[in-house]
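Here is how the chains run, residue by residue.
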Amino acid sequence: MSIKIIGTGAYVPEKVVTNDDLAKLVDTSDEWIMQRVGVSQRRVSVDETASDFAVKASLAAIKNAGIKPEELDLIIAASVSAENICPTVAGTVQKEIGATCPAFDINSACSGFLFALDTAVSFMARGTYENILVIGAERLSKIVDWTDRSTCVIFGDGAGAAVITKGEGYLGSKLFTQGDDSVIKIPSFGGTSPFYTAEKPAPYIFMDGQETFKFAVNKIVNDIKELVSKCGYTLDDIDHVVTHQANIRIIDYASKRLKLSKDKFFVNIEKYGNTSSASVPIALAELDASGKIKRGDLLVMSAFGGGLSSAACLIRW
Ligand code: ACO
């Protein structure tokens, strides 16, 4: 049993924070951020949570799919920046959109949406599920250290969602985890237990940018190459590439190393920055809405990030 994607949706908060706005907070410049990262602006929450974003992206995806919330059999959400540990993002979405199905969250950082999608495909293989909603939602502005110029210029807030149903579109996937806390780490609240004596690190994103960069370029290129070949295709067969929008230099590098035209890569990092698990589904929803992807096209999606983790999947649209 495979799946096809029948609806996509995205939501980003209204507030735009430009590079010039950030240059008033930390020692940086529009020129540095554009050249090194490729981000011109990002959206930042004023009063909404990651779950609020998820609800709006989910309603858009469900509408796009042409189904009703009560027709969902499962909701899976990925997030590293949810307001609550429980209720989960998926549980909040279930309540707010009027669905009644089981719902749970997973966490695999920036690869989270593709891990969630692959999990949904496995549930679909049971043959008893018709429609599953998969979400990536982040309010990274909550966990960014706004005094750290090496991270605060990169990240943004938003959510994306997709509805999957039975079909023959999911051709294969590749998931990877290399348990490691030296390159990327997001500690959670350390608690106030008077009995716990170990260090309680600040609950912000810590990232060794250069090590992450090396990991990212290696994974994006090799994951796509290996997956496409494992599924019996060549890179020439690929019509569209949707990758995690982490750094425009990573996408440029992948395009060159894979010898795939940059035109095949969907890019929106300039508008939103790195939205972690929301990055791939927001890009997918925008590609879908653009009308450029047609039924039958071959789409490869790839993500990488904290964990360390990476994921890729090949889809016949
Ligand atoms: N503005 C101006 N200068 C800066 C800034 C800034 N915002 N940030 C860093 N610098 C400075 C540094 O201090 C350093 O100065 P120095 O040479 O005087 O020491 C110089 O710029 C170069 O710093 P590098 O860290 O070497 O810069 P680099 O070119 O590697 O770019 C970046 C940094 C953008 C973080 C890059 O390494 C990157 O994109 N890494 C990958 C990020 C990624 O893929 N993340 C995805 C996963 S995130 C997750 O899972 C949560």
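Refer to the structure printed above.
Below, the structure is looked at part by part. (Residues numbered from 1 in each chain as written. Predicted model: local features only at pLDDT ≥ 70, side-chain atom pairs only at ≥ 80, totals over all residues. Heavy atoms only, no water.)

**Quick look at the overall build of the chain**
- Looking only at helices and strands, the chain has 10 helices and 14 strands in total.
- Computed over C-alpha atoms, the radius of gyration of the chain comes to 19 Å, within 12% of the 20 Å expected from 2.2 N^0.38 for 317 residues, which places it in the range of a compact globule.
- Oriented by its inertia axes, the alpha-carbon framework of the chain measures out at about 50 × 45 × 35 Å.
- By residue count, 55% of the 317 residues in the chain fall in the buried class.
- For the chain, restricting intrachain contacts to residue pairs at least 6 apart in sequence, the fraction spanning at least 24 positions comes to 76%.
- If you sum the accessible surface of the chain, you get close to 13700 Å²; carbon and sulfur atoms cover 50% of it.
- Averaging the positions of the 33 positive and the 38 negative side-chain charges in the chain gives two centres separated by 3 Å. (Helix = DSSP H or I, 4+ residues; strand = E, 2+ residues; numbered from the N terminus. Rg over C-alpha atoms; globule rule 2.2 N^0.38 Å. Buried < 20%, exposed > 50% of the residue type's maximum accessible area, 1.4 Å probe, protein only. Contact = heavy atoms within 4.5 Å. Areas by Shrake-Rupley, 256 points an atom, 1.4 Å probe, with all protein chains shown as cover. Lys, Arg positive; Asp, Glu negative; His and termini not counted. Charge placed at Lys NZ, Arg CZ, Asp CG, Glu CD.)

**A look at the nonpolar core**
- Within the largest apolar cluster, 35 residues are counted, with the highest numbers of intra-cluster contacts made by Leu-114, Leu-117, Ile-132 and Met-301.
- Contributions of two or more residues to this core are made by strand 1 (2-11), strand 4 (74-78), helix 5 (112-124), strand 6 (131-139), strand 7 (157-167), helix 10 (279-290), strand 13 (298-305) and strand 14 (309-316).
- The leading source of residues in this core is helix 5, at 9 residues.
- Counting contributing residues, this core receives three or more from each of domain 1 (2-168) and domain 2 (172-316).
- Not counting chain neighbours up to four residues away, the residues in contact with Ile-132 comprise Leu-72, Leu-74, Ala-120, Phe-123, Met-124, Ala-162, Val-163 and Ile-164.
- In terms of nonpolar packing, the next biggest core, distinct from the first, is built from 26 residues, Ala-61, Ile-62, Leu-72 and Ala-161 among them. (Core = buried A, V, L, I, M, F, W, Y, C linked by side-chain atoms within 4.5 Å. Domains from an automatic or database assignment.)

**Structural notes on the sheet that holds strand 4**
- Reading across the sheet, the 5 strands line up as 1-7-6-4-5 and stay open at both edges, with mixed pairing between neighbours. Strands at the two margins of the open sheet, each flanked by one partner only, are strand 1 and strand 5 (103-106). Across the sheet, the mean angle separating the axes of adjacent strands is 20 degrees when strand polarity is ignored.
- Two strands pair when backbone bridges link them, and strand 4 and strand 6 are joined in this way by 5 bridges, in the parallel orientation. (Pairing = 2+ DSSP bridges. Axes fitted to C-alpha atoms, helices over the stretch in contact; angles between N-to-C directions.)

**A few points about helix 4 (residues 89-97)**
- Those residues of helix 4 not exposed but buried are Val-89, Ala-90, Thr-92, Val-93 and Ile-97. Viewed end-on, helix 4 has its buried residues packed into an arc of 160 degrees, placing them on one side of the element.
- Immediately downstream of helix 4, the backbone of Gly-98 shows phi near 85 degrees, a positive value. (Arc of directions from axis to C-beta.)

**Thoughts on the site of the ligand**
- Taken together, 25 residues form the shell around the ligand, and within it Thr-28, Arg-36, Arg-149, Gln-210 and Asn-247 come nearest.
- At a separation of 3.4 Å, a nitrogen atom of the ligand approaches a polar side-chain atom of Trp-32.
- At a separation of 3.1 Å, an oxygen atom of the ligand approaches a polar side-chain atom of Arg-249.
- If you list the elements that add at least two residues to the shell around the ligand, you get helix 2 (30-36), helix 6 (149-152), helix 7 (209-230), helix 8 (248-258) and strand 13.
- Top contributing element to the shell around the ligand by residue count: helix 7, with 4 residues.
- Along the lines of polarity and charge, the residues of the shell around the ligand split into 12 nonpolar, 9 polar and 4 charged. (Near = heavy atom within 4 Å. Polar contact = N/O pair within 3.5 Å; in protein donor to acceptor, adjacent residues only side chain to side chain. Nonpolar A, V, L, I, M, F, W, Y, C, P; charged D, E, K, R; others polar.)

**A short note on the packing of aromatic side chains**
- Enumeration over the complete set of coordinates arrives at 4 aromatic pairs.
- A ring pair is formed by Phe-104 and Phe-123, whose centres lie 6.0 Å apart and whose planes are at 45 degrees; its orientation type is tilted. Linking Phe-104 in strand 5 with Phe-123 in helix 5, this pair joins segments that are 19 residues apart in sequence.
- The exposure class assigned to Phe-104 is partly exposed, which follows from its relative accessible area of 26%.
- When the centroid spacing of 5.5 Å and the interplanar angle of 70 degrees are considered together, the rings of Phe-123 and Tyr-129 count as edge-to-face. The pair formed by Phe-123 and Tyr-129 is uniform in burial state, with each residue classed as buried.
- Grouping aromatic residues by their ring pairs yields a cluster made of Phe-104, Phe-123 and Tyr-129. (Phe/Tyr/Trp six-rings, centres within 6.5 Å; stacked < 30°, edge-to-face > 60°.)

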